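Spelled out, the chains give:
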Number of protein chains: 4
Amino acid sequence: MDIGLIGLGKMGGNMRERLRRAGHAVVGYDRNPDVSDVASLEELVEKLPSPKVVWVMVPAGDPTRETVEALSDLLGAGDVVVDGGNSRWTDDLIHAELLEKKQIGYVDCGVSGGVWGLENGYALMYGGSAEDVAKVQPAFVALKPEATDLGDFGAVHAGKVGAGHFSKMVHNGIEYAIMQSYAEGWELLEKVDLVDNVTEVFRSWREGTVIRSWLLDLLVAALDETPNLEGIAGYADDSGEGRWTVEAGIENAVATPAITAALFARFVSRQDDSPAMKAVAAMRNQFGGHAMKTEPPAGGDVAPD
Amino acid sequence: MDIGLIGLGKMGGNMRERLRRAGHAVVGYDRNPDVSDVASLEELVEKLPSPKVVWVMVPAGDPTRETVEALSDLLGAGDVVVDGGNSRWTDDLIHAELLEKKQIGYVDCGVSGGVWGLENGYALMYGGSAEDVAKVQPAFVALKPEATDLGDFGAVHAGKVGAGHFSKMVHNGIEYAIMQSYAEGWELLEKVDLVDNVTEVFRSWREGTVIRSWLLDLLVAALDETPNLEGIAGYADDSGEGRWTVEAGIENAVATPAITAALFARFVSRQDDSPAMKAVAAMRNQFGGHAMKTEPPAGGDVAPD
Amino acid sequence: MDIGLIGLGKMGGNMRERLRRAGHAVVGYDRNPDVSDVASLEELVEKLPSPKVVWVMVPAGDPTRETVEALSDLLGAGDVVVDGGNSRWTDDLIHAELLEKKQIGYVDCGVSGGVWGLENGYALMYGGSAEDVAKVQPAFVALKPEATDLGDFGAVHAGKVGAGHFSKMVHNGIEYAIMQSYAEGWELLEKVDLVDNVTEVFRSWREGTVIRSWLLDLLVAALDETPNLEGIAGYADDSGEGRWTVEAGIENAVATPAITAALFARFVSRQDDSPAMKAVAAMRNQFGGHAMKTEPPAGGDVAPD
Amino acid sequence: MDIGLIGLGKMGGNMRERLRRAGHAVVGYDRNPDVSDVASLEELVEKLPSPKVVWVMVPAGDPTRETVEALSDLLGAGDVVVDGGNSRWTDDLIHAELLEKKQIGYVDCGVSGGVWGLENGYALMYGGSAEDVAKVQPAFVALKPEATDLGDFGAVHAGKVGAGHFSKMVHNGIEYAIMQSYAEGWELLEKVDLVDNVTEVFRSWREGTVIRSWLLDLLVAALDETPNLEGIAGYADDSGEGRWTVEAGIENAVATPAITAALFARFVSRQDDSPAMKAVAAMRNQFGGHAMKTEPPAGGDVAPD
């Protein structure tokens, strides 16, 4: 099929390559002329046959919003815009409504796969009408992982507009919590003297255990590259999706304690000092005469409270 | 090799079978004469050549303790006892000391694999001296999963006595948290109208995603067997190992919020009614005149606090 | 001063009474003519001298929005609207902007005190310009608790528009977590055999301890009224403010694990069965042949994982 | 009454003073001769009339154990040992059994009050037989807070041996969680621009609110002493009691998420860098090419996962 692709960064650039390898005609546009196939959105749109399918792969928020707005002026009835970026699902509802006024279709697509996607395929979760999805289907087929002996996985029409990004958001929330799970286990094993080689313990878990997974494989790879993770800062950013998952849980009265624990651990990891713990230290000092900064209680004394 | 195996239940019985398939001579003993190869522990010990290796596969706590004590009377210098059950690692220290008085070696071995172990092999984490471990090595090799293209995993000499069960304990703690991670995501996806087919979303995640894992495969299998998990009670027991992991974290000042969240969710799942929430309801009623059981605030009223 | 008060439910009705006891001239309006002083908003506005001060005390969301919109048509430059309901602070920004177009001032005020407020006074946290706040000041003085030997507390000009409801929101978040704190302790003490009279333990804490508080007093009162809280359902609703506090934390990358724990406990308390725990049970069953509903493992068997 | 008091540190020294002010004859012993009334335990015991009551006020663990053992040699039938230190309740069972062999009674007593206890009285939670408690009762009466208009609080016979320390342990667990509650709220209010004066907001809460408490008073006092808590390290030690509370919860299958959140926050506050978050950072880097240390994703790019 013919497809326009806007945003040719680390993700978009690889996706263009994977689509082309599958025989599709991709017209790519990026603000950076060194990687762009065309000089403008207008040119991109012109080059596509109707019904035109344009895949947007730019950062969530304003960049995506502006691109969708620009496309609503350039495209027409029967065309389809796909947002493959990390947009919040609530943005999808706005984008779909905006495009619907011009009878332009809209499909939201959560894309997972990271730097491994080019070779292994991208996991895709998409939402939209059956009709709109059908127009994009050949691209989904090209981008998704190939079927294996185990079956044909990696792509799903999750539901209505928004369902793709919502599913991808939940995927990332789960991902946060699974990473936190391994991380807690790793810290505990590292802390005790009993266990001599924590990396080998983790490596052994790659087969036969209940917790074997791709994230485990990655952690072992990281431990092989950087024994004991020496020199890596205990600092983790968070994309919006972990936050949105917890917020979606709250809106729906669904408790997400493990996902939230993972999110909060990242928040705290980025603080030089914890304001909350300053307050705790200050209260302790008030009632107990606890040393503010930490000596153990003196010899024969009972620490008050 | 020749090996004695005590406890021929679901786990022990399958392990005997896998050892025999690998050509080892297993003398099995169980209280249940229908499955036992010998009539008594004495007979089991007699049938083994020296140095005798006896693998204990009975429930943790008293049954294991009593078996180890009985073996300390029956075995002699140079023999080795392996505890392959779900013992707490602190028990290993006691067992090793007890046996050491008779110069009997001791290896603790955490075993993972469940009902899949017979065919796929068991993941093994063991602790003990190099000398003792060497005597059991052929059995470990037979029980562990076979090497694959990816490598040779599934067995590790984790460290000193106790390190095997400690590692297995942490494995289970991680397992709790990973299960909780998927479970939270599943509940959230099920709750919203946006997503039409949650099972298909989970199935799609089996390839190309960051969160693909064996537990995910199992959850999809469960969803296929029981659509929407209808009829399954939201009730989860906990073996000791999740509790011990959190306790080990506490003793070592290691925060384990995701693992703890998973453990607490199980505790709460087993309560018909939450005493803590009775107390919360009672306090709310005192200050706010909140209805104890749940009507929304009346029409034009502002709910106090 | 003269003041209009819209919404005469449990909170508003008592506030009218407290304002009148302090000598203020209150014109109250409610949809319910039995408690209303006037027949319409128009009449309420007419009866007030300029600059008119109108206090809105109706449910958050649409009712407050509609009332503020109606007032924006009826009031004029120099008048002030106070929103004393449980609005989300983000609504305040919208309300203030809407009224500013007509040069009508806006003050948001979080009100705490519940059914005790009439006699003891209401705690007030308000936000807005110094000029607008000054016009409402006599009402704040009348509504707040009287000064005691300890000092003059209970009212604060917290900051800009929104700061009042934001502070009240955080107050409620803290309240959730404190209630949860006592509730956890109560459940634990009730659970163990060691402690004979849990109510007396809690009562004793009312003096000399670090955890003495008004909420503790209320819990003791509840235990006196309902020994062991027998018959009270372990079920707690949540107003929006706990949710908003966690969401505000997430937006600001501030970890709020105790407040979140309290919120999630309420969510779970309202479920007949936990979908998440159904998923956990289903996964356990897949790998371990764990009984789905709960028998302990059979006699001599080692539970797999 | 006559009473022996062992351990005259910050707590024990003040308690001797409060007992003497109430007219009791206290024989104090401390390793430090400058504060000790007698030169040895033997001398302390000799000076007391029978039945002798000896209150032990030394650090938990070995010091208390050794003192109790020494007293078991020096005391006789009908005498009573009180452990007023911060012992774990499980130690009480051991101490009581040890003393019972000599027919010496045992009472465990949790003591709260910190540096304020001398003037305001100490909150006391004690466990033991009615007979043993009766022998100590005059001391309890002297040490506890005086009755007020509100009632007579601050002392409770909580139950059997161990119930005193168990109740005090839970008290401290609750205390951790309440401090965490205020601390989270303080951090959030400090973080947002909207609120101009966080200290004044907290001060206002001292009257009329649902969350007024002694800990709130202390936090306001701390904020007055150290505006914005500038210079206080966000670092909090933990005594054993918070840990034991969570462990007791786990043993009894009682979820304590807020108390645990408070405990874990303290653990993390003491780490220069979080090992768990190193592991999370390492995993993120593996799948996403996420910068290990923190730049935002480059201009036009979509961050993978």
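These numbers were taken from a predicted model, which means no experiment stands behind them.

1. With respect to the relation of the copies chain B and chain D
Okay, step 1: Superposition of chain B onto chain D requires a rotation of 180 degrees combined with a translation of 0.0 Å along the rotation axis, giving an RMSD of 0.0 Å. Classification of the inter-copy transformation places it as that of a two-fold axis. Residues of chain B ranked by C-alpha distance from the rotation axis are headed by B:Glu247, positioned 3.2 Å from it.
Okay, step 2: A shared interface surface links the copies, since 100% of the contact residues of chain B are contact residues in chain D too.

2. Let's talk about the relation of the copies chain C and chain B
Turning one copy of the chain about an axis and sliding it along that axis gives the other copy, so a rotation and a shift relate them.
Okay, step 1: Least-squares fitting of chain C to chain B yields an RMSD of 0.1 Å, with the transformation described by 0.0 Å of translation along the axis and a rotation of 180 degrees.
Okay, step 2: Residue by residue, 100% of the interface of chain C is reproduced at the interface of chain B, so both copies engage with the same surface.

3. Considerations on the interface of chain C and chain B
Okay, step 1: With 75 residues of chain C at the contact, the number on the chain B side is 75 residues.
Okay, step 2: Summing both partners gives a buried area of about 6,400 Å² for chain C against chain B, and 60% of it is carried by carbon and sulfur.
Okay, step 3: Summed over the shared surface of chain C and chain B, the result is zero salt bridges.
Okay, step 4: Taken together, chain C and chain B are joined by 16 residue pairs in polar contact (both at pLDDT 80 or more).
Okay, step 5: At the level of elements, helix H1 (10-21), helix H7 (163-191), helix H9 (214-225), helix H11 (257-269) and helix H12 (275-288) of chain C are the ones that each hand at least two residues to the side of chain C that touches chain B.

4. As for the domain arrangement of chain A
All names here are of chain A.
Okay, step 1: If you check the domain split of chain A, you get domain 1 (2-161) and domain 2 (168-288).
Okay, step 2: Counting residues at the interface gives nine residues for domain 1, matched by nine residues for domain 2.
Okay, step 3: Between domain 1 and domain 2, roughly 800 Å² of surface is buried when both sides are summed, and carbon and sulfur atoms account for 63% of that area.
Okay, step 4: If you look at where domain 1 meets domain 2, you find one salt bridge.
Okay, step 5: Here Arg88 and Glu247 are joined by a salt bridge, their closest N and O atoms 2.7 Å apart.
Okay, step 6: Per-class residue counts for the side of domain 1 that touches domain 2 are four nonpolar, four polar and one charged.

5. Considerations on helix H12 (residues 275-288) of chain B
The periodicity of an α-helix, 3.6 residues per turn, causes residues three or four positions apart to be oriented the same way.
Okay, step 1: In a regular helix each residue adds 1.5 Å, so 14 residues correspond to 20 Å; H12(B) covers 20 Å between its end C-alpha atoms and thus fits that length.
Okay, step 2: Along H12(B), twelve of the 14 residues are buried, which leaves the element largely enclosed by surrounding structure.
Okay, step 3: Every buried residue of H12(B) is listed here: B:Ala276, B:Met277, B:Lys278, B:Ala279, B:Val280, B:Ala281, B:Ala282, B:Met283, B:Arg284, B:Gln286, B:Phe287 and B:Gly288.
Okay, step 4: Tucked inside the fold, the buried residues of H12(B) contact H1, H7, H9 and H11 of chain C.

6. Focus on the sheet that holds strand S4 (residues 80-83) of chain B
Residues and elements named next belong to chain B.
Okay, step 1: With mixed pairing, seven strands are arranged side by side in an open sheet as S2-S1-S3-S4-S5-S6-S7. The open sheet terminates on both sides in strands that have one partner only, identified here as strand S2 (25-29) and strand S7 (155-159). When the angles between neighbouring strand axes are averaged without regard to direction, this sheet yields 25 degrees.
Okay, step 2: One ladder, built from three bridges, connects strand S1 (residues 2-6) with strand S3 (residues 53-56); its direction is parallel. Pairing of Gly4 across the sheet is with Val54, part of S3.
Okay, step 3: Relative to strand S5 (residues 105-112), helix H7 (residues 163-191) is tilted by about 15 degrees, and along the sheet it contacts S4, S5, strand S6 (123-127) and S7.

Quick notes on the rules
- Residues numbered from 1 in each chain as written.
- Chains lettered and ligands numbered in written order.
- Predicted model: local features only at pLDDT ≥ 70, side-chain atom pairs only at ≥ 80, totals over all residues.
- Heavy atoms only, no water.
- Least-squares fit on C-alpha atoms with pLDDT ≥ 70 in both.
- Contact = heavy atoms within 4.5 Å.
- Buried area = accessible area lost by both parts, 1.4 Å probe.
- Salt bridge = Lys/Arg side-chain N within 4 Å of Asp/Glu carboxyl O.
- Polar contact = N/O pair within 3.5 Å; in protein donor to acceptor, adjacent residues only side chain to side chain.
- Helix = DSSP H or I, 4+ residues; strand = E, 2+ residues; numbered from the N terminus.
- Domains from an automatic or database assignment.
- Nonpolar A, V, L, I, M, F, W, Y, C, P; charged D, E, K, R; others polar.
- Expected span 1.5 Å × (residues − 1).
- Buried < 20%, exposed > 50% of the residue type's maximum accessible area, 1.4 Å probe, protein only.
- Pairing = 2+ DSSP bridges.
- Axes fitted to C-alpha atoms, helices over the stretch in contact; angles between N-to-C directions.

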